[in-house]
Amino acid sequence: MSDKGLSESENDFKVIGTRPIRPDGIDKVTGRALYGADRYAPGMLVGKVLRSPYPHARIRAIDTTRAEALAGVKAIITKGDFGPVPASQKATLNNVMAQDKALFDGHAIAAVAAVDNSTALKALELIQVDYEILPHVTDVVAAMADDAPLVHDDNFTKGVEPKPKKPSNIAARLEFGHGDVEAGFGEASLIVEQEFATEAAHQGYIEPPACLATYSDDGSSELWCTTQGHFMVRDTCAALLGITVSKLRVTASEIGGGFGGKTAVYLEPLALALSRKSGRPVKMVMSRSEVFRAAGPTASSSMRVKIGVDKDGRITAADALLNYQSGAFPGFITMLGAMSAFACYNLENVRSVGHEVITNRPMQVSYRAPGAPISNFAVESVIDELARKLDMDPIEFRLKNAAREGDRSSYGPRYEQIGLEKTLETVRENPHYQAALPKGHGRGVAVGFWFNFGGLTAISLNINSDGTVTVSVGRPDIGGSRASMCLMAAEELGIPYENVRTIIADTSSLGYNDTTDGSRTTFSNGLAIIQAARQAKSIMCARAAKMWDLPEEAVEWGDGAVQPCGPNAGDFPAVSIAEIAGKAPQTGGPIAGHCEVNAEGAGVSFAAHIADVEVDEDTGRTTVHRYTVVQDAGKAIHPAYVEGQYQGGAAQGIGWALNEGYVYGDDGLMQNPGFLDYRIPVCSDLPMIDTEIIEIPNKGHPYGVRGVGETSIVPPLATIANAIRSATGVRVNQVPMAPPVVLKALEES
C-alpha cells in the first residue's frame with residue numbers, strides 16, 4: 001500500500017489554518033451545554049463543607065452528634081471516613097480533608113449531605129469543633145525565618161546536603177544553570193541587581209468546582225465533574241477512598257474556565273464518600289468564597305535578580321534567587337519558575353536558585369505557565385534596566401542575547417529549532433512598536449518562554465458507515481480543542497471538516513490520558529489523531545484492494561480516496577471513504593484507527609509583548625491603551641483560537657500585573673475572597689489586544705504544532721512594569737502594581 005501522505009509545507013494544507021465555527025459553539029451559546037452544576041439525579045442530596053475559620057489550628061475533637069440528629073441529614077464525614085492512603089497521596093488527602101490540623105483559612109474539616117441546601121447549612125452550624133489555635137505565617141519571607149511558626153513539624157528541606165537537623169518551612173532548594181557565575185560577573189562592565197515581590201493570583205474561572213457522585217451497593221461508582229483531567233480525578237479518588245479504579249467511572253462536564261486551576265481534586269472525594277455513606281447521589285458546588293479560600297491560586301514570591309553585561313551589551317552572567325510560597329503543601333511551581341527564569345537568553349554563566357516555602361495558605365496549583373510569569377517579571381525588569389543604562393533599544397538588546405537553535409538552555413537541554421529571534425524581529429517591525437508615543441505615555445516590551453509538554457494520550461478514530469468520522473479523545477476541551485482535533489483528522493483523511501465530530505470520552509472508554517495542561521492538548525492529541533487516521537487509511541486501502549481483488553501494494557491513498565496505482569493505475573475508479581465504509585460488513589467489519597502513546601517532541605514556545613500605558617500621577621492608576629502579542633505557534637491549526645489564547649493570556653496577565661492579588665490580614669484570614677474585592681479586569685479595563693502569529697514548525701509534530709495556551713501569560717507582568725518605567729521614570733518592583741503601590745513608588749522616587 002502506498003500513501004502519498006502530506007508534506008509538512010503549509011502550502012499543502014487544505015483545512016489546517018482555516019477558521020471554521022467551533023463544533024460545540026451552538027450548544028454553549030444556547031445554554032444546552034452541561035457544566036459541572038447542571039447534572040441531576042433522582043434522590044440527589046446536597047453536600048456542603050465545614051471549613052476552618054482559622055489559618056492554623058490543631059483539631060482536638062469533632063462532635064457531629066447534634067448535626068446527625070437534624071431531620072434531613074443523611075451523612076456526615078470527617079477524616080475518619082478515609083482509610084490509609086499511599087504515601088504519594090497523603091498531602092492530597094490532607095488538602096481535601098484536614099487530618100490533625102487545619103492548615104489554612106478555609107481548610108475542609110467535615111462535610112454534610114442533606115435533603116436540601118438549607119438543611120445542609122444548618123447541619124454545618126451544629127457541628128462542634130474543638131480547636132487549639134496555633135501561630136500562623138502567610139508571608140513567604142516571614143515563613144523562611146528561623147523563628148517562624150512551623151506549618152509541618154516534620155518538614156526537612158530537600159535538595160540540601162547534609163540533611164538539615166532542624167525542620168523548617170522551606171520544603172526544597174532547587175538549582176539550575178551552568179558555567180561560573182562569579183567569574184562572569186567579574187567580566188561585566190555593568191551590573192544591575194534588584195529585588196522583587198509578587199502576590200498570589202487566582203485563575204479567576206467563572207464556573208466554581210462542582211460535581212455529582214453516585215456510589216452503588218455493588219461498589220461501582222460514577223462521578224460527573226468539572227475538571228481539566230477526569231482520568232486524574234478517577235485515579236486520585238480511587239486511591240483516597242480505596243476504590244478499584246475499574247469500578248469508578250468519571251465523566252468530564254463542559255468546563256467554565258480552568259486555566260490550570262482545575263487540575264486538582266477538591267470536592268470529588270468528599271462527594272463520593274458522602275454518597276457511599278448515605279447510599280444516595282450527592283451533588284456539591286463551591287461558593288465563590290470557598291473557591292478563593294480553598295481552591296488553590298498560584299504562588300506569591302520574593303526574588304532577587306542580578307545580571308551583568310560587557311561594554312558591548314552581551315550578558316556575561318545572570319543570577320536569580322527565587323523564593324516561592326507553595327501554600328500548605330510542597331508543589332512544583334518553584335521548579336518551573338526557576339527553570340524558565342533565564343530561558344530566553346543564551347548565557348555562558350547562569351544560576352537560578354529556587355526555594356519552595358510552605359505557609360498557612362491554600363495549596364498552590366497551576367495558573368497557565370505555572371511559576372514562569374513570576375520569575376519572568378523580575379528577569380525582564382532587570383533586562384529593561386540594563387538596556388536603558390546602555391542606551392540600547394530594548395529589542396536590539398534582547399536580539400543580541402537571544403537564545404537560538406543549538407544554544408544550551410539555562411535549565412539544561414540544547415534548543416532545537418525555535419522562534420524567539422523571528423518573534424523579536426517581528427516585534428521590531430510591528431506598526432505598534434514603530435508608532436510614535438503620545439505625550440505622557442510609556443511603552444514597554446518583554447519576552448517570555450514556556451516549555452510545553454506531551455504526555456500520555458489515547459485516541460480512537462471511528463469511520464462511520466456513511467463515511468463520516470467520530471474521534472474520541474480523553475482530555476476536556478478548555479479552549480476550542482475539539483475544532484483543532486476535527487481539523488487535523490479532516491486534513492489527514494482528506495475529508496471536509498464538517499464530516500468529523502470529536503467527543504470527550506469518559507474514563508471507561510479510553511486508555512489513560514494525562515490532564516489538559518502544559519499546552520499539551522493540540523500537540524499530543526493531534527499527534528495521536530494523525531497516527532490513528534493513518535492507521536485507518538491503511539485499513540481502508542486494504543479493504544479497497546480486497547474489493548478489487550488486488551494486492552495491497554497495488555493501491556494508494558490520495559485526496560480522501562483509494563485508487564489503484566502502478567501497473568493497475570486507471571483500472572478502477574477511486575473509491576471514497578463513504579464507499580469503503582458502506583461495504584465494511586462485507587470486507588472485514590468496522591474500520592477504526594487507534595493510538596496510545598506517551599507523546600514526545602513537544603516544542604518550546606516564545607512570545608514578545610508590547611504595551612503602551614498612561615499613569616495618573618495623582619492617583620497612581622495605570623491605563624493600558626494599546627497591547628500587542630507576537631508569539632510562535634509552530635503551526636496554527638485554527639488561527640482564531642490561537643489568537644484567542646494569545647489574547648486571553650495577555651488579558652489575565654494585565655489583570656495580575658495591575659489589580660489581582662490575595663490580601664491576608666494579621667489574623668491570617670483572606671480579606672478579599674470574592675470578585676467584588678478581588679478585581680479581575682473587565683472589558684472597560686482592557687484595550688483591543690492585537691496579535692501576530694509566527695510559525696516556526698516544531699520538528700516533533702507531523703504538522704509542526706507547538707503549544708500556545710500558556711506562553712502568552714508569561715510576559716505581561718514585566719511588559720506593564722517596563723511600560724510604567726517608561727511613562728514615569730520609576731521602577732515598580734511589586735505586583736500587583738495597583739494604584740497605591742504605584743503612587744507610593746512615585747512619592748518615594
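For the structure given in this document, a descriptive report is provided here. (Residues numbered from 1 in each chain as written. Predicted model: local features only at pLDDT ≥ 70, side-chain atom pairs only at ≥ 80, totals over all residues. Heavy atoms only, no water.)

1. Focus: the packing of helix 12 (residues 394-401) against helix 13 (residues 420-429)
Where helix 12 contacts helix 13, the two axes come as close as 10 Å, and the packing angle between them is 165 degrees. Taken as axis vectors, helix 12 and helix 13 run roughly antiparallel relative to one another. For helix 12 against helix 13, the interelement crossing comes out left-handed. From helix 12, Ile395, Glu396, Arg398 and Leu399 reach across to helix 13, where they touch Glu421, Leu424, Glu425, Val427 and Arg428. (Axes fitted to C-alpha atoms, helices over the stretch in contact; angles between N-to-C directions. Helix = DSSP H or I, 4+ residues; strand = E, 2+ residues; numbered from the N terminus. Parallel < 35°, antiparallel > 145°, perpendicular 65-115°, else oblique. Left-handed = near helix turned anticlockwise from the far one by under 90°. Contact = heavy atoms within 4.5 Å.)

2. Side note on the pairing of strand 3 (residues 57-63)
In the sheet, strand 3 pairs with strand 5 (residues 101-102) via two bridges, with the strands oriented antiparallel. Residue arginine 58 lies in a different strand from strand 5, and its bridge partner there is lysine 101. The sheet contact formed by strand 3 and strand 7 (residues 128-133) spans six bridges and is antiparallel. What sits directly across from aspartate 63, in strand 7, is glutamine 128. (Pairing = 2+ DSSP bridges.)

3. Topic: the side chain of arginine 482
Summarising the element assignment, arginine 482 is placed in helix 15 (residues 481-493). Leaving out residues up to four positions away in the same chain, arginine 482 has contacts with Pro23, Asp24, Lys28, Glu254, Asp477, Thr502 and Ile504.

4. Here we look at the state of the cysteines
One covalent bond between the sulfur atoms of two cysteine residues makes up a disulfide. This model, assessed by the stated rule, comprises zero disulfides. Note on cysteine 486: no disulfide assigned, nearest cysteine sulfur contributed by cysteine 595 at a separation of 17 Å. (Disulfide = S-S within 2.5 Å.)

5. As for the sheet that holds strand 25 (residues 605-615)
Pairing in this open sheet of four strands is mixed, and the strands run 17-25-26-27 from one edge to the other. Strand pairing shows two members of the sheet lacking a second neighbour, strand 17 (441-450) and strand 27 (689-694), which therefore form its edges. The average undirected angle you get between the axes of adjacent strands in this sheet is 15 degrees. Contacts from helix 13 reach strand 17, strand 25, strand 26 (622-632) and strand 27 within the one sheet, and its direction differs from that of strand 25 by about 30 degrees. Its contacts with the sheet place helix 20 (residues 716-728) against strand 17, strand 25 and strand 26, and it is angled at close to 160 degrees to strand 17.

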